[in-house]
Amino acid sequence: MIKTSVQADDIFKHKTGCLILLCPEKNPAGILKKIDDQLNGVITDAFTAKRFEGKLNQTLLQGVGRAMGADAVLVVGLGKTKDITEEQIRQAAGTAAKLAEKSKFQTLSFYLPGGDAGKVSKSHKGKSGDRVAGALAEGAHLALYHFDNYKSVDEENPVNRIQKIVFLAESKAKVNAMQKAVQQAEILAEAVVDTRNLMHHPSNTATPQFLADAAKKIARLPKVTCKVLEKKDMEKLKMGSLLGVARGSHEPPKFIILEYMGGKKNQAPVVIVGKGVTFDTGGISLKPGANMDEMKYDMSGGAVALGVLQAAAGLKLPVNVVGLVPATENMPGGSAIKPGDILTASSGKTIEVLNTDAEGRLILADALVYAQRYKPRALIDLATLTGAVIMALGHVASAVIGTDPALIKKLIQSGTATGERLWELPLYEEYEKAVKSDIADLKNITGPGVGAGTATAAAFLRAFVEDAPWAHLDIAGTAWTSNEKPYVPKGGSGFGVRLLIDYLKTL
Ligand code: BES
Ligand code: MN
Ligand code: ZN
């Protein structure tokens, strides 16, 4: 992570590459006006000429010569005052940080806005000033994410990277509270970064074993323990559905169990299940070649589960959380399951596999059964489960489907607060009927003419959830970004980590 500090300093003398100021959609006031005066009216001039109007993510980059301690001032828009929430601040911070990096600055300083910009609209967390600092830090760190583990260093043309970020407080009195908010934001951002890294690694690195090793690293944090079930353990547990998918691959499957006991000993945990298919070829029902490389991110749900455990433990949240990741490849090897094969899951239910590419629900079935032993207060699974969710919601929201309206409502609220939006789809009886098989208890795809690919997949999962309050998040459209967003660069987004941490904070 980039080095950061919080300090109170004279904004006119403060030494930095790029001084970033946030500006709502109205003429400069407060500190912006003072800086404008110092710079002979360059900001008001931009407003008058409509080159800059404070619209969300609009930017004005201005060299300042010797007029200030900074080399340049970057004003970034926040949009209409009444609409400013932490999401707008994260976006503006991300937009500004990326522009500064592209513009070859190495150090940035954010001036913590007071006045209108400092009064972010209400949500359930903390005091406004601290929340702004936290949102700035989160947005900046997430936006400056790069995955260059596999790139050789070009000594002659090194790429520019921000080295240092300073958060400037209005006064000394505010430094401590801001520091705490910034630290917390960084713990969260780091968990998202680690999640994204897992998603970016190609499948010849990110094997089930690699995910298990990542989980073991997280278990070095206080109150976290990790256990990894091997193939023989899964056999003992009769996880025939997960083992069926794993059969086509030479990579041994792993069933990862991470437990964080931050709450009271006897308090029921929240159990988070994440799909960990480290590569999805489709199996014998082979996928077409185009874009198949993207199927390395079919373990996103699993990576998010690990990220949530890491952040919950790092933030010392007073809750018990369990992460379960069934991890395997889906390959068309000689021993692979074939269309028509019947598998028996650990609950005893039988499954007719009509399409080996609907493998996510097969591995989740055994994980959901395993989750019941915790008698969870909430059972939440995340999976890149269906292409159909991209038809329904594109890349801007994940689908949420479940059995517990109160849980779903809370998750939707957390999604809105974190900018990781959820949209609910129904779990109609017709969908549950559509996954009943003629010769087994269930079939893993529906017959023709049913449609509703995302909801019927959830209906299949429902058959393995007993009475725990359950919600399923289909993140196939949101886990990977092909058009970058203000603080989500192209590639793995880590969607779900911030959402679920926000949810855990409400408990
Ligand atoms: N991993 C895929 C879903 C997916 C698609 C994730 C696109 C990310 C982007 C999943 O295993 C799958 O193949 N689903 C099939 C289900 C179908 C066979 C019923 C699908 O969506 O086509
Ligand atoms: Mn598949
Ligand atoms: Zn898949």
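All values derive from a computational prediction rather than experimental measurement.

Participant: Honestly, the coordination of the zinc ion (ligand 3) in this entry has me stumped. Any pointers?
Facilitator: Each donor-metal-donor angle in an ideal tetrahedron of four donors is 109.5 degrees, and each such angle in an ideal octahedron of six donors is either 90 or 180 degrees. Each protein donor to the zinc ion (ligand 3) is listed here as Lys275 (NZ), Asp280 (OD), Asp298 (OD) and Glu359 (OE); together their distances run 2.0 to 2.4 Å. For the zinc ion (ligand 3), the 6 donor atoms are set out with angles of 79 to 176° between them, so the coordination reads as octahedral. The distance between the zinc ion (ligand 3) and the manganese ion (ligand 2) comes to 3.1 Å, with Asp280 serving as a donor to both metals. Placement of the pair is Asp298 in the loop between β10 (276–280) and α10 (300–314) and Glu359 in the loop between β13 (350–352) and α11 (360–371), with a sequence separation of 61 residues. Considered together, Asp298 and Glu359 belong to a single accessibility category, that of buried residues.

Participant: Quick question: what am I supposed to make of the side chain of Thr281 here?
Facilitator: Topologically, Thr281 is positioned in the loop between β10 and α10. Given the relative accessible area of 6%, Thr281 is considered buried. Only 2.6 Å separates the side chain of Thr281 from the backbone oxygen of Asn330, close enough to count as a polar contact. Sequence-distant contacts of Thr281, defined by excluding residues within four places in its chain, comprise Leu286, Lys287, Met292, Asn330, Met331 and Pro332.

Participant: Looking at this structure, I do not really get helix α1 (residues 30–38). What am I missing?
Facilitator: Along an α-helix, residues three or four positions apart point the same way, because every turn accommodates 3.6 residues. All buried positions along α1 are accounted for by Leu32, Ile35 and Asp36. Down the axis of α1, the buried set is contained in an arc of 105°. They therefore lie on one face. The exposed residues of α1 that point more than 90 degrees off its buried face are Gly30 and Lys34. At its buried positions, α1 is contacted by β2 (16–24), α2 (42–48) and β4 (70–79).

Participant: Sorry, what's going on with the domain arrangement of the protein chain here?
Facilitator: A common way to state how big an interface is: give the accessible area lost once the parts meet. Domain boundaries in the protein chain define domain 1 (3–173) and domain 2 (193–506). Each of domain 1 and domain 2 has a C-alpha centre, and the two are 37 Å apart. Across the contact, 17 residues belong to domain 1 and 19 residues belong to domain 2. Counting the surface lost from both domain 1 and domain 2, the interface buries some 1600 Å², and carbon and sulfur atoms represent 57% of this. Where domain 1 packs against domain 2, one counts 2 salt bridges. Here Glu484 and Lys98 are joined by a salt bridge, their closest N and O atoms 3.5 Å apart. Our count for the domain 1 to domain 2 interface comes out at 11 residue pairs in polar contact (both at pLDDT 80 or more). Looking at the side of domain 1 that touches domain 2, the elements with two or more residues in it are α3 (86–102) and α5 (128–143). Considering each element in turn, the side of domain 1 that touches domain 2 owes the most residues, 6 residues, to α3. Residues belonging to the side of domain 1 that touches domain 2 are distributed by class as follows: 5 nonpolar, 7 polar and 5 charged.

About the cut-offs
- Going along each chain's sequence as written, the residues are numbered from 1 onward.
- As they are written, the chains are lettered A onward and the ligands numbered 1 onward, keeping that order.
- Predicted model: local features are reported for residues with pLDDT of at least 70 only, side-chain atom pairs are reported and counted for 80 or more only, and whole-chain, interface and lining totals are derived from all residues.
- Only heavy atoms go into the side-chain values, all of them from the structure, while hydrogens and water stay out.
- Each metal site is built from N, O and S donor atoms within 2.8 Å (3.2 Å for Na, K and Ca), and since water is not included, such sites may look incomplete.
- By the criteria applied here, four donors are tetrahedral when all angles lie between 85 and 135 degrees, four are square planar and six octahedral when opposite donors are over 155 degrees apart and every other angle lies between 65 and 115, and any other arrangement is irregular.
- In this description a helix means any DSSP run of H or I spanning at least four residues, a strand means any run of E spanning at least two, and both kinds are numbered starting from the N terminus.
- Any residue under 20% of the maximum accessible area for its type is buried, any over 50% is exposed, and the rest in between are partly exposed; the area is computed with a 1.4 Å probe on protein chains only.
- Polar contact criterion, stated in full: a pair of N or O atoms within 3.5 Å, where within protein one must be able to donate a hydrogen and the other to accept it, and residues adjacent in sequence count only if both atoms are side-chain atoms.
- In this analysis, two residues are considered to be in contact whenever any of their non-hydrogen atoms come within 4.5 Å of each other.
- An arc is given here, and it is the one of the directions from the helix axis to the C-beta atoms.
- Boundaries between domains were set according to an automatic or database domain assignment.
- Accessible surface is computed with a 1.4 Å probe, and the buried area is the amount of it that two parts give up when combined, taken over both parts together.
- Put simply, a salt bridge is a Lys or Arg side-chain nitrogen that is within 4 Å of an Asp or Glu carboxyl oxygen.
- Three classes are used, and their members are as follows: Ala, Val, Leu, Ile, Met, Phe, Trp, Tyr, Cys and Pro are nonpolar, Asp, Glu, Lys and Arg are charged, and the others, Gly among them, are polar.

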